[in-house]
Amino acid sequence: MQAQWEVEQKFVVEDVVPFRNNLAAHGFEWVSSEDNSDIYFRHPCRDLKATDEAFRLRTVNDRCCVTYKGKRLPGPVKTRPEIELDVCLADRESWLDMLQHLGFRPLPAVNKRRHNFAKKEDAEDEPSKIHVTIDEVHLLGNFAELELIVSQKSHLDLAAVHIQQLASSLGLVTVQPRSYLSLVLEKLGVE
């Protein structure tokens, strides 16, 4: 599997309707909507929060995947290595059972309705293929995520610049640096 990095920045969205209109004015169109349920796990032998890593089982509509997110690289935009593997939806419960038998402890689920947007004319240049989502996160509210998946490490800085420029042109100002998981755990009073 080829290495890949997730380069993203998340913003609070107070009013979704004007933001959607602004996306359309900037050439983004709605692609799809999906229901996400993410179950993150505590590792049995190390503190993933302390090492700035994450391991989750994600269910999206009728499909499933497991994802490992590595330690964030320094910089104003969240950049980290990511490995994602598809899981048969029919095996989801078996994966949950197996991980728990291995000592992984599931945390409360992060549930969201995600609306995906992409540029009408995606350029061939990898760093310009920014995807935008509007997330309606249960218990938390609305957020916009600007994300690039980059396969060449030499593109990381350019990807971060593209994300920051697009955020500025879309009028996004309130960065939310914390993960949905940490926000949900805080809301629920879970340590």
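Scope of this entry: the structure provided in the associated data block. Predicted, not measured: the structure shown is a model, and the values here were computed from it.

The next thing to look at is the environment of threonine 67. Along the chain, the position of threonine 67 falls in strand E4 (residues 63–69). Within the local environment of threonine 67, its side chain forms a polar contact with the side chain of glutamate 84, the two groups lying 2.8 Å apart.

Taken together, the side chains of Leu139, Leu188 and Val190 make up a nonpolar region of the molecular surface, amounting to roughly 220 Å² of accessible area. Within the fold, leucine 139 resides in the loop between strand E8 (131–137) and strand E9 (141–150).

Before going further, it helps to examine the state of the cysteines. Taken as a whole and assessed by the stated rule, the structure comprises zero disulfides. The thiol sulfur of cysteine 64 is not disulfide-bonded, and the nearest other cysteine sulfur, from cysteine 65, lies at 6.8 Å.

This brings us to the nonpolar core. With 25 residues, the main nonpolar core has Val7, Phe19, Leu23, Val132, Leu146 and Leu172 as its most contacted residues. Residue assignment for this core shows that the elements contributing at least two residues are strand E1 (5–12), helix H1 (16–25), E8, E9 and helix H3 (156–169). The element that contributes the greatest number of residues to this core is H3, accounting for six residues. In contact with phenylalanine 19, other than residues within four places in its own chain, are Val13, Val132, Ile134, Ala144, Leu170 and Leu172.

A few words now on the pattern of salt bridges. Inspection of the entire model under this criterion finds 14 salt bridges. Notably, a salt bridge pairs lysine 69 with glutamate 82, separated by 3.3 Å at the nearest N-O pair. One end of the pair, lysine 69, is in strand E4; the other, glutamate 82, is in strand E5 (residues 78–87), with 13 residues separating them in the sequence. Using a relative accessible area of 8% as the deciding quantity, one classes lysine 69 as buried. The network of salt bridges with shared partners includes Glu6, Lys69 and Glu82.

Parameters at a glance
- Residues numbered from 1 in each chain as written.
- Predicted model: local features only at pLDDT ≥ 70, side-chain atom pairs only at ≥ 80, totals over all residues.
- Heavy atoms only, no water.
- Helix = DSSP H or I, 4+ residues; strand = E, 2+ residues; numbered from the N terminus.
- Polar contact = N/O pair within 3.5 Å; in protein donor to acceptor, adjacent residues only side chain to side chain.
- Patch = residues over 30% accessible without salt bridge, like charges linked within 9 Å, V, L, I, M, F, W, Y side chains within 5 Å.
- Areas by Shrake-Rupley, 256 points an atom, 1.4 Å probe, with all protein chains shown as cover.
- Salt bridge = Lys/Arg side-chain N within 4 Å of Asp/Glu carboxyl O.
- Disulfide = S-S within 2.5 Å.
- Core = buried A, V, L, I, M, F, W, Y, C linked by side-chain atoms within 4.5 Å.
- Buried < 20%, exposed > 50% of the residue type's maximum accessible area, 1.4 Å probe, protein only.
- Contact = heavy atoms within 4.5 Å.

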